[in-house]
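# Descriptive structure summary
These are the residues of each chain, in order.
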Amino acid sequence: MGVDSRAASGFRAVAEDYETGRPSYADASIDRIFTDLELSISSRVLDLAAGTGQLSRLFHSRVGSVVAVEPVHGMRERIKTTMPGITVLDGTAESIPLPDSDVDVVVVGEAFHWFETATATSEIARVLKPSGGLGLLWNTPIWTVDTTSWLQDLRRILSHHKESAGDYPAGVTWQKTLESTRLFETLQHTNATHEQSLGHDAFLAQVASWSWVANLPEAARRTALNDVAELVRPLGRIVIPYRTDLYVGRRQSSPMHDVRP
């Protein structure tokens, strides 16, 4: 199974916007991965569906090696340019180009909901060492109209465009399928907060990097971004508070859960 066509077509066009506008992750969540999965300077980490390497960047200086697997060429090229010390491979979650038992931890940022869950879970378990673990992360903005007066106008500008874009994967519908594979121990869920401070251009890059915006017809996409630009032009720096949700757990070590036939 290949990458979702909507994700591929949208992200292919916006690698620079993605790199400029997307937030990092809460330090506490990254520290939790290190603690719970016992990472060290000798560990090998796979950043799966790596995008432009937001997670790779956070692990690169703290572990022995990082390999980034990403199906979109433009995203891979950004990682190679900004982090030449990282191994970058073309691949998908459903067909990971690594041998069995190759990495200590797999991390996935903002992407697991795009995967074909059962197949991807099997592949992740295959490339993990027997004691290896998995960390899944998502950022959710937690601003409100009470704290951000112009947020309601932003939602209004984008709402009719989002309706025309159709349904996109969201939420945690993947979790029951992952658990039903019995390849991982029950994932532990924690969250932590952090903030992102953006200038106007970086905020517009973030909006442009959203997959459903990137996939709009060009005229509609340009109209939406122009309207957002008009809205934020009078503002100072834009501060967005986030909640990073982390799901972390180890691969089952019992032989009955071996992923190989």
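None of these values were measured; they are calculated from a predicted model.

This prediction gives the protein chain a mean pLDDT of 89; 87% of its residues lie at or above 70. Low pLDDT, under 50, characterises residues 4-10; the predicted model gives this stretch 14 contacts beyond four residues in sequence or across chains.

Using the criterion set out here, one finds 14 salt bridges in the structure. For E19, the salt bridge goes to R57, with nearest N and O atoms at 3.0 Å. Note that E19 is positioned in helix α2 (residues 15-21) and R57 in helix α4 (residues 54-60), a separation of 38 residues in sequence. When its relative accessible area of 19% is taken as the criterion, E19 is described as buried.

With that out of the way, let us pick up the side chain of N139. Looking at where N139 falls in the secondary structure, it is placed in strand β5 (residues 128-141). Taking the relative accessible area as the measure of exposure, N139 reaches 10% and is therefore buried. Here T244 takes part through its side chain, which lies 2.6 Å from a polar atom of the side chain of N139. Setting aside residues up to four positions removed in sequence, N139 forms contacts with P23, S24, Y25, E110, H194, Y242, R243 and T244.

Moving on, we get to the packing of aromatic side chains. As enumerated under the stated definition, the model contains nine aromatic pairs in all. Summarising the aromatic geometry, the rings of W143 and W150 are spaced 5.4 Å apart at their centres and angled 90 degrees between planes, so their arrangement reads as edge-to-face. Both residues of the pair, W143 and W150, count as buried. One aromatic cluster is present, built from ring pairs that chain together F112, F115, W138, W174 and Y247. A cation over an aromatic ring shows up here: R62 above the ring of F34, its NZ or CZ 3.8 Å from the ring centre.

Moving on, we come to the side chain of D104. In this fold, D104 is placed in strand β4 (residues 103-109). One polar contact links the side chain of D104 to the main-chain amide nitrogen of R44, over a distance of 2.7 Å. Apart from residues lying up to four places away in sequence, D104 is in contact with L39, S42, S43, R44, L128, K129, G132 and G133.

What counts as what
- For every chain, the first residue of its written sequence is number 1, and the numbers climb from 1 along that sequence.
- It should be noted that, the model being predicted, local features are given only for residues of pLDDT at least 70 and side-chain atom pairs only at 80 or more, the latter also being counted only at that level, while totals for whole chains, interfaces and linings use all residues.
- Calculation of side-chain values draws on the structure's entire complement of heavy atoms; hydrogens and water are dropped beforehand.
- Per-residue confidence from the predictor is given as pLDDT, running between 0 and 100.
- By definition in these notes, contact holds between two residues if any of their heavy atoms fall within 4.5 Å.
- Salt-bridge detection follows one rule: a side-chain nitrogen of Lys or Arg within 4 Å of a carboxyl oxygen of Asp or Glu.
- Helix and strand definitions follow DSSP, with helices as H or I runs of at least four residues and strands as E runs of at least two, each counted in order from the N terminus.
- Per-residue accessibility, obtained with a 1.4 Å probe over protein chains only, is compared with the maximum for each type, and a residue is labelled buried under 20%, exposed over 50%, and partly exposed between these values.
- Polar contacts, as used here, are pairs of N or O atoms within 3.5 Å; protein pairs need one atom able to donate a hydrogen and one able to accept it. Residues neighboring in sequence count only if both atoms are side-chain atoms.
- Between rings of Phe, Tyr and Trp, where Trp is taken as its six-membered ring, a pair exists when centres lie within 6.5 Å; planes separated by under 30 degrees are stacked, by over 60 edge-to-face, and by other angles tilted.
- Lysine NZ or arginine CZ positioned within 6 Å of the ring centre and within 35 degrees of the ring normal marks a charge as sitting over the ring.

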